[in-house]
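Fold and geometry: a report
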Amino acid sequence: MGFARTCSVALVGVEGVVVEVQADLEPGVAAFTLVGLPDKTLVESRDRVRAAVVNSGAEWPQKKLTVGLSPASVPKSGSGFDLAVAAAVLGAAERVDPAVIADLLLIGELGLDGRVRPVRGILPAVLAAAEAGYRQVVVPQQCAAEAALVPEVSVLGVRSLRQLIAVLTDGEVPDEGPPDAFGRPDPMTAGLVVPGAGLGAGLASTGYGACAPPDLADVAGQRGARRALEVAAAGGHHLFLTGPPGAGKTMLAERLPGIMPPLTRQDSLEVTAVHSVAGILPPGEPLVTAAPYCAPHHSATMQSLVGGGNGLPRPGAVSLAHRGVLFLDEAPEFSGRVLDALRQPLESGQVVIARAAGVMRLPARFLMVLAANPCPCGRHTLQGAGCECSAAVVRRYQGRLSGPLLDRVDLRVEVEPVTHSDLVGEGGRGESSGAVAQRVAGARARAADRLADTPWRINAEVPGHELRTRWLPAPGALAQAERDLERGLLTARGLDRVLRVAWTVSDLAAKDRPDARDVAVALELRTGISRGVPLARGYAS
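This one's a predicted model, so the numbers in the text were calculated from it and none came from an experiment. (Residues numbered from 1 in each chain as written. Predicted model: local features only at pLDDT ≥ 70, side-chain atom pairs only at ≥ 80, totals over all residues. Heavy atoms only, no water.)

Note on placement: Val-21 falls in strand β2 (residues 15–26). Along the primary structure Val-21 and Ala-84 are separated by 63 residues, whereas in three dimensions their C-alpha atoms are 6.7 Å apart. If we skip the residues at most four places from it in the chain, Val-21 touches Ala-4, Arg-5, Thr-6, Cys-7, Ser-8, Val-67, Gly-68, Leu-69, Ala-84, Val-85 and Ala-88. (Helix = DSSP H or I, 4+ residues; strand = E, 2+ residues; numbered from the N terminus. Contact = heavy atoms within 4.5 Å.)

Turning our eyes to something else, we now look at helix α5 (residues 122–131). Summarising burial for α5: eight of the 10 residues are buried, a large majority. Within α5, the full set of buried residues consists of Ile-122, Leu-123, Pro-124, Ala-125, Val-126, Ala-128, Ala-129 and Ala-130. In this structure, the buried side of α5 is in contact with β1 (2–12), β2, β5 (105–106), β8 (136–140), α6 (144–147) and α12 (265–278). Where α5 ends, the next residue or the one after it, Gly-133, has phi of about 100 degrees, a positive value. (Buried < 20%, exposed > 50% of the residue type's maximum accessible area, 1.4 Å probe, protein only.)

What follows deals with the pattern of salt bridges. Summed over all chains, the structure comprises 30 salt bridges. When the shortest N-O distance is used, the salt bridge between Arg-323 and Glu-461 registers 3.6 Å. Of the two residues, Arg-323 is situated in the loop between α14 (317–320) and β13 (325–328) and Glu-461 in the loop between α20 (433–450) and α21 (464–469); the sequence distance between them amounts to 138 residues. Of the two residues, Arg-323 and Glu-461, both sit in the buried class. Between Arg-439 and Glu-431 there is a salt bridge, and its shortest N-O distance comes to 2.8 Å. In this structure Arg-439 comes out as partly exposed when scored by relative accessible area, which is 25%. Classification of Glu-431 as partly exposed rests on a relative accessible area of 34%. Residues joined by salt bridges that share partners form a network here, namely Glu-347, Asp-407, Arg-408, Asp-410, Arg-493, Arg-497 and Arg-526. (Salt bridge = Lys/Arg side-chain N within 4 Å of Asp/Glu carboxyl O.)

Moving on to the side chain of Gln-163. Mapped onto the elements, Gln-163 comes out in helix α7 (residues 161–168). Residue classification places Gln-163 among the buried residues on the basis of a relative accessible area of 9%. Those residues within four positions of Gln-163 in sequence are excluded, and the remaining contacts are Val-158, Val-173, Pro-174, Asp-175 and Glu-176.

Right, let's get into the packing of helix α9 (residues 223–235) against helix α23 (residues 492–508). At a minimum axis distance of 9 Å, the contact between α9 and α23 shows a crossing angle of 100 degrees. Between α9 and α23, the angle falls in the class roughly perpendicular. Taken together, the residues of α23 that come into contact with α9 (itself represented by Glu-230, Val-231, Ala-234 and Gly-235) are Val-501, Thr-504, Val-505 and Leu-508. Residue composition of the contact of α9 with α23, by class: five nonpolar, two polar and one charged. (Axes fitted to C-alpha atoms, helices over the stretch in contact; angles between N-to-C directions. Parallel < 35°, antiparallel > 145°, perpendicular 65-115°, else oblique. Nonpolar A, V, L, I, M, F, W, Y, C, P; charged D, E, K, R; others polar.)

Let's shift gears to a nonpolar patch on the surface. A surface patch of nonpolar side chains, about 200 Å² in accessible area, is lined by Leu-156, Val-167 and Val-173. Note that Val-173 resides in the loop between α7 and α8 (197–201). (Patch = residues over 30% accessible without salt bridge, like charges linked within 9 Å, V, L, I, M, F, W, Y side chains within 5 Å. Areas by Shrake-Rupley, 256 points an atom, 1.4 Å probe, with all protein chains shown as cover.)

Before going further, it helps to spend a moment on unusual backbone geometry. With omega at 5 degrees, the peptide bond leading from Ser-70 into Pro-71 counts as cis. Along the chain, Pro-71 falls in the loop between β4 (64–70) and α3 (82–92). Phi at Glu-152 is positive, roughly 60 degrees, even though this residue is not glycine. Residue position: Glu-152 is located in the loop between α6 and β9 (154–158).

Next comes the structure, spelled out in structure tokens:
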């Protein structure tokens, strides 16, 4: 009787569970049994592993073979267990030393010819292995750069089972380089990206190749909306843009990631883990360093937006936009149930999805931008434009966005129609994204210094109680906001959000704390009612 064990990782969302892969050989009729709550994809690994072992020059044991995946209570899916199963079988057959593979963690899919194919979720899997104390991992060579992002872990990238056997037996490692006779790309990288996964979520690539990223200077006019965009980027505040078609709402939203600071190391790992699990991490870009931008179509289902699907849920658009921007264009056209499902992640920064197959938690701390026309035809606010929508139709259209959802939006800006002088550039080009990004970075640095010893990093994350008791504004600064609260123009949540925006306005102006002028700007951004402070230069000294 032969026995060997090694380890792999089962992913539940973006969290990994280390799984011990055990192989046991007993005398009897040759059979291969796989136990431990595998799904259909994993059950099929029996045929893949058998063919891969034989085609790699090793002898398949003609005995009763049982492979167990422990803990058996954790659901296991995917083809990433193939490499670990093959190593455990070879160890039980004494083709390799069982002691050598006992402390290894192996992840990878096997082809019938023995080649190792890349799989999704390498980064969260290796992170789980590192937390469990494993220091040696074997992954497909195409995923080695992604796995190497985890510190203090030795990564071995292999292209075939033959290479792995040679390494484990101290033999000569065969060359399994990619075919390049005709200059074709490596076909094995096809497993890194799920076709259409990013397109279905409306995800824009963080890299623009030879093209320059969208610049804020391209937006004609819209001084007030540009300032609101700057405040949103500096404090992480949600934004609602209303205005007629063609005013530039989509252009503004597309340029918001360009003025946001680069992701920190920890944020980059979080975002990369989500994108890796979703299958939208581009080959050759193992680490996402820029804020992602996700713009789902208004026909998106609740599962595609917040996560879900058959079996264990998969990340939705809110998780793909983690630490970035979620843009909902034509927001009133979205389903009411879909929009209201955003209320919980907007508050908590995460999504908890319960299904029959299990409960999964996904990160979802994003900056939401809503865009809407004033009425179905879009001409309601234009003078002499011939809007034929009745008052009831306009109210019904605007009422599709529920009050509780809008109460969580800090900034509400009306985007004015672009004039001829704006288009021909008589007023000069606006500031570039680089210039605005410098001010945003300075404001975020001031907020980070103030919040250094707290679990929060940007103003939008700070609870209202802390702002009212720990970081006080200037005396009398909240008088106007408190009057609006008494009149019913603001809710208690709205007052807290006004105070958060006031701190961001203060940080942009390099002040120690917000004064009455900063609160007035925040109130105008919140309610849309003029407070006597020009929005375009509301936080200028």
